[in-house]
Amino acid sequence: MSNILVNIEVAADGSLRSSTAHLLSLAARLGEPVAVVAAPAGASEELVRELGALGAGAVVVGESPASTSHVAAAAVAALAGAIASHAPAAVLASTSPTAREVMGRLAARTGNPVVVDAVGVTNDGGRIVASHSVFGGNYVTESGVGAGIPLVTVSSSGAEPAPAVAAPVVEVRRLEVPTQGAAAITRSEVAAAASERPELRSAKIVVSGGRGLGSKENFVLVEELADTLGAGLGASRAAVDAGYVPQSCQVGQTGVSVSPELYLAVGISGAIQHRAGMQTARRIVAINQDADAPIFDIADFGIVGDLFTVLPQLREAIAARTGVPAGV
Ligand code: FAD
């Protein structure tokens, strides 16, 4: 099986980005997953253990002090080296701003083509094929590259985790990172989270509300359900425009794109602009009183009913299962 390189992003506090598990599980479905990470000297042991637990069969660690000050340049150096040594069929990265920068620089450095914003990747008899959600989510297109190794940025989705690898094959190399004249990160601090809820883009469960809630006060019902499920909070543009929640919650074409394991749409009609941002979710559950609402066309489970009746019942049912009282 061909090697599939995965660009591993490490946060300033040393933790792996939440997209790592999805990328490694996707790589394991395409071929042999090889995690490539740039890190300071001596940081590799814990990283290797964590990456093995997420399914990396091999880990290439590029050691350089520049891995924290010149993050993209160090990642590019590590990936370029791994491309030369591992002859991969593809390189996968997340759609984070840093990963996009890394893939663009890597393309320039190695002369390989970039495929951006894929929602899925398959291996079609040795040819790597990326799928894209286009025209407001109305169509899914498939594309491959004519030559070279595809460098693919792919959005996270709730895929089954890859089986853990107890002892991945490890290669540690010293990286030469050209940093002269480049901007450097000299200090970083984690901003206090505005909310205790999971971040919308990477949340495994997203609960979203729409105009059907009718008011900011009623939207609290959606927020309570999100908190009961430990979910990220989303909304339609109509709910945002009506002032129920801030714009940062908007899911859709002109908002955030999410691909959680579970997406719960409450009082949302399912306009194509909304669907563009959530239809790659693994499971979609919709609550709407209109049986003809378009959201039901893409829902795995649909509840036709008044949300003001359904939501309290849903919270009671969840409370009965989890043992946590509905009001908590
Ligand atoms: P509505 O379409 O009004 O639907 C409300 C739903 O609630 C209805 O289906 C109704 O049956 C149901 N309902 C009402 N009362 C109850 C009740 N008591 N119980 C149960 N169900 C109830 N939209 C986005 O969401 N995201 C975007 O990023 C986005 N970008 C856009 C970009 C452009 C260029 C344009 C033109 C539009 C965009 N829109 C976007 C807007 C989009 O077209 C829709 O207008 C919007 O998604 C509708 O939001 P909604 O479903 O909450 O409201």
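Here, the structure is the one placed above.
Residues numbered from 1 in each chain as written. Predicted model: local features only at pLDDT ≥ 70, side-chain atom pairs only at ≥ 80, totals over all residues. Heavy atoms only, no water.

Q: Would you take a moment to explain the overall build of the chain for this structure?
A: When helices and strands are counted, the chain shows 10 helices and 15 strands. Against the globule reference of 20 Å for 328 residues, the chain gives a C-alpha radius of gyration of 21 Å, in line with a compact fold. Viewed in the frame of its principal axes, the chain has a C-alpha envelope of about 60 × 40 × 40 Å. Considering the chain as a whole, with its 328 residues, one finds that 46% of them fall into the buried category. A fraction of 64% describes how many contacts in the chain between residues 6 or more apart in sequence connect residues 24 or more apart. When the accessible surface of the chain is summed, it comes to about 15,800 Å², and 52% of that surface belongs to carbon and sulfur atoms. One way to put it: in the chain the 21 positive side-chain charges average out to a point 4 Å from where the 29 negative ones average out. (Helix = DSSP H or I, 4+ residues; strand = E, 2+ residues; numbered from the N terminus. Rg over C-alpha atoms; globule rule 2.2 N^0.38 Å. Buried < 20%, exposed > 50% of the residue type's maximum accessible area, 1.4 Å probe, protein only. Contact = heavy atoms within 4.5 Å. Areas by Shrake-Rupley, 256 points an atom, 1.4 Å probe, with all protein chains shown as cover. Lys, Arg positive; Asp, Glu negative; His and termini not counted. Charge placed at Lys NZ, Arg CZ, Asp CG, Glu CD.)

Q: Whenever I open this one, the site of the ligand confuses me. Can you help?
A: The environment of the ligand is formed by 25 residues, the closest being Arg211, Ser236, Thr254, Ser269 and Asn288. Between the ligand and Val251, the relevant distance is 2.8 Å, taken from a nitrogen atom to a main-chain nitrogen or oxygen of the residue. Side-chain polar atom of Asp306 to a nitrogen atom of the ligand: 3.0 Å apart, as the coordinates give it. When the free accessible area of the ligand is taken as 990 Å², the share hidden by the protein chains comes to 75%. Only helix H7 (237-241), helix H8 (272-275) and helix H10 (307-322) provide two or more residues apiece to the shell around the ligand. (Near = heavy atom within 4 Å. Polar contact = N/O pair within 3.5 Å; in protein donor to acceptor, adjacent residues only side chain to side chain.)

Q: Would you explain the packing of aromatic side chains in this entry?
A: Centre distance and the angle of the planes are the two values used to describe a pair of aromatic rings. Counted by the stated rule, this structure contains one aromatic pair. Ring geometry for Phe219 against Tyr244: centres 6.1 Å apart, planes inclined by 45 degrees, an arrangement best described as tilted. Here the residue Phe219 occupies a position in helix H6 (residues 216-229), and Tyr244 occupies one in the loop between H7 and strand S13 (262-266), the gap between them amounting to 25 residues. The class for Phe219 is buried, based on a relative accessible area of 0%. (Phe/Tyr/Trp six-rings, centres within 6.5 Å; stacked < 30°, edge-to-face > 60°.)

Q: Sorry if this is basic, but what is going on with helix H4 (residues 71-86) here?
A: Think of an α-helix as turning once every 3.6 residues; residues three or four places apart then point the same way. The end-to-end C-alpha distance of H4, which contains 16 residues, comes to 22 Å, matching closely the 22 Å that a straight helix rising 1.5 Å per residue would cover. With respect to burial, H4 is a largely interior element, 12 of its 16 residues being buried. Among all positions of H4, only Ala72, Ala73, Ala74, Ala75, Val76, Ala77, Ala78, Leu79, Ala80, Ala82, Ile83 and His86 are buried. Looking one or two residues past H4, Ala87 carries a phi angle of roughly 40 degrees, positive in sign. (Expected span 1.5 Å × (residues − 1).)

Keep in mind that these numbers describe shape and distance, not what the molecule does.
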